[in-house]
Amino acid sequence: MARVVCITLNPALDLAFNLDALTLGHVNRPTGAQLEAAGKGVNVARVLASLGHEVIVSGFLGEENDAPFSLAFPRYGVEDAFVRVPGNTRINAKLAEQSGRVTDINGPGMPIEASHLAALRTTLSGLFESSAPPQAVVVAGSLPPGIDQPTFGELLTFVKGFRVPLWVDTSGPALLTAIAAQPAAVKPNETELADWAGSALDSDQQRQAAAKRLHASGIEHALISAGAEGVLWVSQHGTWQSTPPTVTATNTVCAGDTFVAGMLHGLLSQHSPEETLRFATALSSEAVRHVGVGTSHADDFDSLQQQTRVRRLDDTHTEGATR
Ligand SMILES: Nc1ncnc2c1ncn2[C@@H]1O[C@H](COP(=O)(O)OP(=O)(O)OP(=O)(O)O)[C@@H](O)[C@H]1O
Ligand SMILES: O=P(O)(O)OC[C@@]1(O)O[C@H](CO)[C@@H](O)[C@@H]1O
């Protein structure tokens, strides 16, 4: 198993509400509510730890409300290397309706200052210069106020300097900055990549062309997810496509993070490309059935994997790799 650092610059307490249907402008009474220590990198970390990896979480946490995180980290099985900064970590509302529609309300996050960034760099240097340096690093989620695009680009270059694979999952201008920094992997969804691609990525062909272009631009693993329509993956292993099984989508909030963790797990464990993509896709489909990240301990996980369709698109001699 590997040692992995997961960085969340803008974590969140996710407040998930289950509603029959959301009515704007009215009092809504959810059937259930759940508050969890989250944010993209924390979610990825949680999945990797559940798969047996040694995971360290870092980034910035508000010192005024860090108790739910400090309590959750031992439960998630991850080591806490977050830099505490003045203020409160944001609370993001996730409104999930019976129809499967989810409305996210994500706050801006706490202002980050140059001294906080310097503290983060010192923490990361300490982790990577230790006697047991990590084998991979994930940077996931949005940028808090105070971290502009050039600063983010510099941070990614700094992290790349540790010479382990850097995986980045972000959106908007930060995704463009990340792609320019040439990490080992990015995993936008089809909407998030449209800006970079210059057009909507509605069809398989458009997504395939964009993933190939992304890979050719210097990204070792170009991954594009498209919800229930599945994933396109272009790498040195070829062009692969997966389609998840049909499941009842209750809450899609952590699906992308679960997928990223599943892929990294497969690659770090040296599983075959087919096995890696099947596992990650099935795991992310498991995630959408409930609030929170996906688990491979679900009773029917084997069946979810069997129902996941995986195809290699650039090789006609891979019938054995499909199900
Ligand atoms: N409705 C669904 N049914 C089955 N699987 C799904 C569904 N939605 C998402 N998934 C699985 O989760 C993966 C990631 O989902 P998606 O493309 O929505 O990522 P995302 O937009 O990054 O998610 P996030 O909400 O975590 O940011 C998909 O590739 C798919 O395998
Ligand atoms: O605002 P960001 O950083 O883009 O996304 C934050 C977030 O929506 O991502 C996770 C799900 O992927 C949630 O835990 C969290 O609230």
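Residues numbered from 1 in each chain as written. Chains lettered and ligands numbered in written order. Predicted model: local features only at pLDDT ≥ 70, side-chain atom pairs only at ≥ 80, totals over all residues. Heavy atoms only, no water.

## Details of the UniProt feature "domain: Carbohydrate kinase PfkB" (unreviewed entry) in the chain
Stated formally: UniProt positions are given in the numbering used here, feature names are shortened, and annotations may be inferred rather than shown by experiment. In this description a helix means any DSSP run of H or I spanning at least four residues, a strand means any run of E spanning at least two, and both kinds are numbered starting from the N terminus.
Residues given the UniProt feature "domain: Carbohydrate kinase PfkB" (unreviewed entry) here are residues 10-296. Secondary structure over residues 10-296 splits into 37% helix and 24% strand, and the C-alpha atoms at its two ends are 27 Å apart.

## Points about helix H7 (residues 204-216)
Note on helix geometry: an α-helix contains 3.6 residues per turn, so any two residues three or four positions apart are oriented the same way. As a reminder, the rule being used: Multiply 1.5 Å by the residue count of a helix minus one, and that product is the helix's expected span. Exposed residues in this analysis have more than 50% of their type's maximum accessible area, buried residues have under 20%, and partly exposed residues fall in between, with area computed by a 1.4 Å probe over protein chains only. What the arc covers is the set of directions going from the helix axis to the C-beta atoms. By definition, residues are in contact when any of their heavy atoms lie within 4.5 Å.
Across its 13 residues, H7 extends 18 Å between first and last C-alpha, which sits within 8% of the 18 Å expected from 1.5 Å per residue. Within H7, the full set of buried residues consists of Arg207, Ala210, Ala211 and Leu214. For H7, the angular spread of buried residues about the axis comes to 100 degrees, placing them on one side. In H7, the exposed positions angled more than 90 degrees off the buried face are occupied by Gln205 and Ala216. Buried-residue contacts for H7 involve helix H5 (173-180), strand S10 (185-186), helix H6 (190-197), strand S11 (221-225) and strand S12 (231-235). Following H7 by one or two positions, Gly218 adopts a phi angle in the positive range, close to 115 degrees.

## A word on the nonpolar core
In plain terms, the rule: For our purposes a nonpolar core is just a set of buried Ala, Val, Leu, Ile, Met, Phe, Trp, Tyr and Cys residues, chained together by side-chain atoms within 4.5 Å.
Within the largest apolar cluster, 47 residues are counted, with the highest numbers of intra-cluster contacts made by Cys6, Phe73 and Trp167. In terms of residues, this core owes the most to one element, helix H1 (residues 40-50), which gives six residues. Judged by nonpolar contacts, the second largest core, of 44 residues, contains Met110, Val164, Leu175 and Ala178.

## Side note on unusual backbone geometry
Despite not being glycine, Gln182 has its phi angle at roughly 55 degrees, a positive value. Within the element layout of this structure, Gln182 appears in the loop between H5 and S10. Gln182 sits in the partly exposed class, given a relative accessible area of 36%. For Gln270, which is not glycine, the phi dihedral falls at a positive 55 degrees.

## A short note on the site of ligand 2
What counts is decided by this rule: Throughout, near means a residue has at least one heavy atom within 4 Å of the molecule or strand. Accessible areas in this description were obtained via Shrake-Rupley with a 1.4 Å probe; residue shielding takes into account the shown protein chains only. Gly counts as polar in this scheme, as do all residues outside two lists: the nonpolar Ala, Val, Leu, Ile, Met, Phe, Trp, Tyr, Cys and Pro, and the charged Asp, Glu, Lys and Arg.
Looking at ligand 2, there are 14 residues lining it, with Asp14, Lys40, Lys94, Ser142 and Asp257 nearest. Contact with the protein chains hides 92% of the accessible area of ligand 2, taken as 400 Å² for the molecule alone. Of the residues that constitute the shell around ligand 2, the class distribution is two nonpolar, six polar and six charged.

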